[in-house]
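# Chain and residue survey
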Amino acid sequence: MRRSDYYEARGLDRITGLSDGVFAFSLTLLSMELIVPQLSGSGTSLLFQDLLDEYSRFVVFLLTFIITGAYWSLHHRIFRFIRGYDGILMRLNLFSLFFIILMPFITKLINQYGDTRVAVIVAAAGYAAPGLLLGFTWHYASTGHRFIDPAIPAGFVRLTTLKNYISPSVFLISIPVAFIGPKYALLFWLLLFPL
């Protein structure tokens, strides 16, 4: 590859800086889905009951926070090894950030319509997309050691590639499960934790 075809690591700090900002913004916006109950009367028991009624919102918030955090960790891990970039790698990263910024929308969708097939399918695709794009980013950067250190062993590259696709695969496999029942697909997502 000619030197004019790619950029050296000097600009990587701008890519990772923008990425960290997008992840931080998305993680912060997730909390907007948590609602403080409005009490019509007074009493601790009413507040406690209303807070218990909000548990499903908190569970979805926690799930999305963990997924987004895991993708941030993946982004951090792969960019630790990337030493240069070109326009293709920049676009792959930007497309993955597009789906990260959609995480609050996906959270709201599941909170409001988590019992419907369409909402679960859209959410599963939305949860899978940034992971797939980060996987493509690593695959592109590591193929032929294009933008990673040539000393990195091929076995490490293959293992990292495989690990990048585990989470997106769980979400994609849950899409046909949603046709059996949306709740089954939501339960299928729990496979993320042991994997």
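Above this note sits the structure.
Overview of the structure.

Bringing the overall build of the protein into the picture now. If you tally the helices and strands in the protein, you get nine helices and two strands. Secondary structure elements of the protein occur, N-terminal to C-terminal, as β-α-α-α-β-α-α-α-α-α-α. Looking at the protein as a whole, 40% of its 195 residues are labelled buried. For the protein, the proportion of contacts with a sequence separation of at least 24, taken over those separated by at least 6, is 77%. In the form shown here, the protein has an accessible surface area of approximately 11,200 Å², with 68% of it arising from carbon and sulfur atoms.

Bringing the nonpolar core into the picture now. Burial of nonpolar side chains together is a common tendency in soluble globular proteins. Formed by 45 residues in total, the largest nonpolar core has its most connected members in Tyr 71, Phe 171 and Trp 189. At the level of secondary structure, the elements contributing two or more residues to this core comprise α1 (12–30), α3 (55–81), α4 (87–101), α5 (103–113), α6 (117–142) and α8 (166–180). Broken down by element, this core gets its largest block of residues, 10 residues, from α6.

Turning next to unusual backbone geometry. The backbone phi angle of His 145 is positive, close to 55 degrees, even though this residue is not glycine. With respect to the helices and strands, His 145 occurs in the loop between α6 and α7 (154–164). Note on His 145: relative accessible area 24%, which makes it partly exposed.

What follows is about the packing of aromatic side chains. Counted under the stated rule, the structure contains 10 aromatic pairs. A centroid spacing of 5.1 Å and a plane angle of 40 degrees characterise the contact between Tyr 127 and Phe 171, whose relative ring orientation is tilted. Of this pair, Tyr 127 sits in helix α6 while Phe 171 sits in helix α8, placing them 44 residues apart in sequence. The pair formed by Tyr 127 and Phe 171 is uniform in burial state, with each residue classed as buried. Joined through ring pairs, the aromatic side chains of Phe 58, Phe 61 and Phe 65 make up one cluster.

Conventions and cut-offs
Residues numbered from 1 in each chain as written. Predicted model: local features only at pLDDT ≥ 70, side-chain atom pairs only at ≥ 80, totals over all residues. Heavy atoms only, no water. Helix = DSSP H or I, 4+ residues; strand = E, 2+ residues; numbered from the N terminus. Buried < 20%, exposed > 50% of the residue type's maximum accessible area, 1.4 Å probe, protein only. Contact = heavy atoms within 4.5 Å. Areas by Shrake-Rupley, 256 points an atom, 1.4 Å probe, with all protein chains shown as cover. Core = buried A, V, L, I, M, F, W, Y, C linked by side-chain atoms within 4.5 Å. Phe/Tyr/Trp six-rings, centres within 6.5 Å; stacked < 30°, edge-to-face > 60°.

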